[in-house]
Amino acid sequence: MTETPRIALKGVTKRFGAETAVDAISLNIAAGEFCVLVGTSGCGKSTTLRMINRLIEHSDGEIHIDGQPIREIDPQRLRRRIGYAIQSTGLFPHWTVARNIALVPGLLKWPRARTLERVEELMTLLGLAPSEFADKYPAQLSGGQAQRVGVARALAADPEILLMDEPFGALDPITRESLQEELRRLQGRIRKTIVFVTHDMDEALKLADRLVVMRAGRIVQQGSPAELLAAPADEFVASLLGGRDRGLKRAALTPVARLMRPVDARLPMEPAVAPDEDLRLALSVMLWHRVETLAVVDGEGRACGSLHLSDLMGGGI
Amino acid sequence: MSAVAIWHRYGRGLAPLLWGAGLVGLLAWLPRAEGFFRWLAPGARVVIYPRDDFTALLLNHLALVGVASGLAILLGVGAALVVTRPWGRDFLPLASQLAAMGQTFPPVAVLALAVPSLGFGALPTVVALVLYGLLPILRNGLAGIEGIDPAVREAARGMGMSPGQVLWRLELPLAAPVMLAGIRTSVTVGIATAAIGSTIGAKTLGDPIIAGIVNGNSAYILQGALLIGVLALTLDSLFEALTPRRR
Ligand SMILES: Nc1ncnc2c1ncn2[C@@H]1O[C@H](COP(=O)(O)OP(=O)(O)OP(=O)(O)O)[C@@H](O)[C@H]1O
Ligand SMILES: [Mg+2]
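Residues numbered from 1 in each chain as written. Chains lettered and ligands numbered in written order. Predicted model: local features only at pLDDT ≥ 70, side-chain atom pairs only at ≥ 80, totals over all residues. Heavy atoms only, no water.

Further remarks concern the side chain of A:Arg210. All names here are of chain A. Along the chain, the position of Arg210 falls in strand 9 (residues 210–215). A distance of 3.2 Å separates the side chain of Arg210 from the backbone oxygen of Asn28, its partner in a polar contact. If we ignore the near neighbours within four places in the chain, the residues touching Arg210 are Leu27, Asn28, Glu33, Phe34, Cys35, Val36, Gln222 and Gly223. (Helix = DSSP H or I, 4+ residues; strand = E, 2+ residues; numbered from the N terminus. Polar contact = N/O pair within 3.5 Å; in protein donor to acceptor, adjacent residues only side chain to side chain. Contact = heavy atoms within 4.5 Å.)

Next comes the structure, spelled out in structure tokens:
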């Protein structure tokens, strides 16, 4: 017998009037798993997410959290246990950053000292200096800062589950990438169960443990990013995953360290890549410098290996 | 601190005090200002409105507007809240239409319509004032609540706030400035409209004005008009001071 999934959807359907937005989907998400929902616009991703915290009631099927049907849990109690972050942040404009973050601890009646401590901890964790930002109002923040506050607020009461609906969708590419990077690092530390909706396939591939492809209210395919890239179920999944760009997307999933050979003393230290950088980047560097081998240099500037184009071609990815 | 800085800091709070003092001063001065008004209306036999004490008229006027505005606020804000609840949504279009329509209706018409059913005196005046004052409050109440970013509402619900918490911590504080602006319009218009109540026998600051028009005595008219004007300005500046400043 396997462990109870943290979140289990069993034949879940949502109808709005005559229209079926989500059609009998089944999905198990294990504790600590990062699950990303992708699919074309209107395919039911947000609806699926919002059924999990009962912002939308499912019409049919069952949703269980830790084995318990969510219909049995009071919606407000349920939502206080589940972090929720959305694209437009929805920060309260008349509350300061600190008060916004303290929202759920406040609802849960945490002692004041504990709340203050937690707010400070989260602000630091998300790179918002408390002395600078605690007393600011949302209107005084940049899009990226507001989104950090939104994530901090979702994490405030230390929920087991985090639902994120295109949280970085409205940000510029650079801010978005740095936030993705931070979220991935953060997830490495806090190991929440995350259900994440996005339109950005690179974002999905970078973050997901499990990738769920939806189309017209149904799940077309699910699995790890590598599995899906290796064997897309159909044309739709293949094109969603990037069509003929898939080779590079797959390379982006593999770290240099995986294909690294021992240090080659004859190689110059430039151009070089780091072992934790990905093969897509390595390919780009090779292409740029017109070389077929690269030195692999670690953070301290020491050579730790070499990378050969022939290994990339040899089916290592 | 410079005078300018002091004004910026305390000016908004000071204005209603100054206007209020002006009003009291006016009440004290008017009965003694026979010389001035005789010069203004040389033909008249009596130049200071004799039938009632100005203070009594002012208090009565204020009481009428106070009762009417209180009811209008209760009904207007209440209705705005009811029709924006999930269970009251069905009535939202009706409420919006009413709020939009009301302003095209002149207050005199409301008064004229109230008399046949309610007779003369204070009651029809209050009813007319409530009906007329309700609409700006309802309209702004709806605008204030409907104007809240849906994402903020969604987040509030998604974080597990109860409907009551959403109302008290989110909707009312966010809608307050717009609501207050509606109440301010309603009360200011009410001060002026209440004077018309004198035509149907309510005791208000409109009495000297009506008497002045009937007897061709411009001194009476000026006395009533001065008091109404300064009263309206006092209350308006009070609202100005109460309105939270935008961040
Ligand atoms: N409250 C609602 N009432 C009626 N129909 C709805 C409602 N919410 C969503 N829908 C419909 O359900 C379908 C799925 O919507 P949903 O928001 O889940 O899509 P999505 O995958 O999140 O799309 P996007 O990527 O554009 O955000 C759409 O056809 C939408 O019109
Ligand atoms: Mg969506």
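Let's pick the thread back up.
So, on to the interface of chain A and chain B. If you look at the interface, chain A gives 22 residues, while chain B gives 18 residues. Taken as a group, A:Phe92, A:His94 and A:Leu107 account for 27% of the area that chain A buries against chain B, more than any other trio of residues on that side. Here B:Glu154 makes a salt bridge to A:Arg50, at a shortest N to O gap of 2.6 Å. In this assembly, chain A and chain B are joined by 6 residue pairs in polar contact (both at pLDDT 80 or more). (Buried area = accessible area lost by both parts, 1.4 Å probe. Salt bridge = Lys/Arg side-chain N within 4 Å of Asp/Glu carboxyl O.)

Residue and element names in this part refer to chain B. Put simply, helix 3 (residues 54–83) and helix 10 (residues 218–242) touch, their axes get as near as 12 Å, and they point 45 degrees apart. If you check the angle between helix 3 and helix 10, you find them oblique. Handedness of the helix 3/helix 10 crossing: right-handed. Along the contact surface, helix 3 presents Phe54, Leu58, His61 and Leu62, while helix 10 presents Gln223, Leu227, Ile228, Leu231 and Leu235. (Axes fitted to C-alpha atoms, helices over the stretch in contact; angles between N-to-C directions. Parallel < 35°, antiparallel > 145°, perpendicular 65-115°, else oblique. Left-handed = near helix turned anticlockwise from the far one by under 90°.)

Before going further, it helps to spend a moment on the domain arrangement of chain A. How large an interface is tends to be reported as the accessible area lost when its parts come together. Segmentation of chain A into domains returns domain 1 (7–250) and domain 2 (254–313). Between domain 1 of chain A and domain 2 of chain A, the C-alpha centre-to-centre distance is 35 Å. (Domains from an automatic or database assignment.)

Residue and element names in this part refer to chain B. At a minimum axis distance of 10 Å, the contact between helix 8 (residues 163–196) and helix 10 shows a crossing angle of 170 degrees. The angle between helix 8 and helix 10 falls in the class roughly antiparallel. Along its contact with helix 8, which presents Leu180, Ile183, Arg184, Val187, Thr188, Ile191 and Ala195, the element helix 10 presents Ile228, Leu231, Ala232, Leu235, Asp236, Phe239, Glu240 and Leu242. Partitioned by chemical class, the residues of the contact of helix 8 with helix 10 number 11 nonpolar, 1 polar and 3 charged. (Nonpolar A, V, L, I, M, F, W, Y, C, P; charged D, E, K, R; others polar.)

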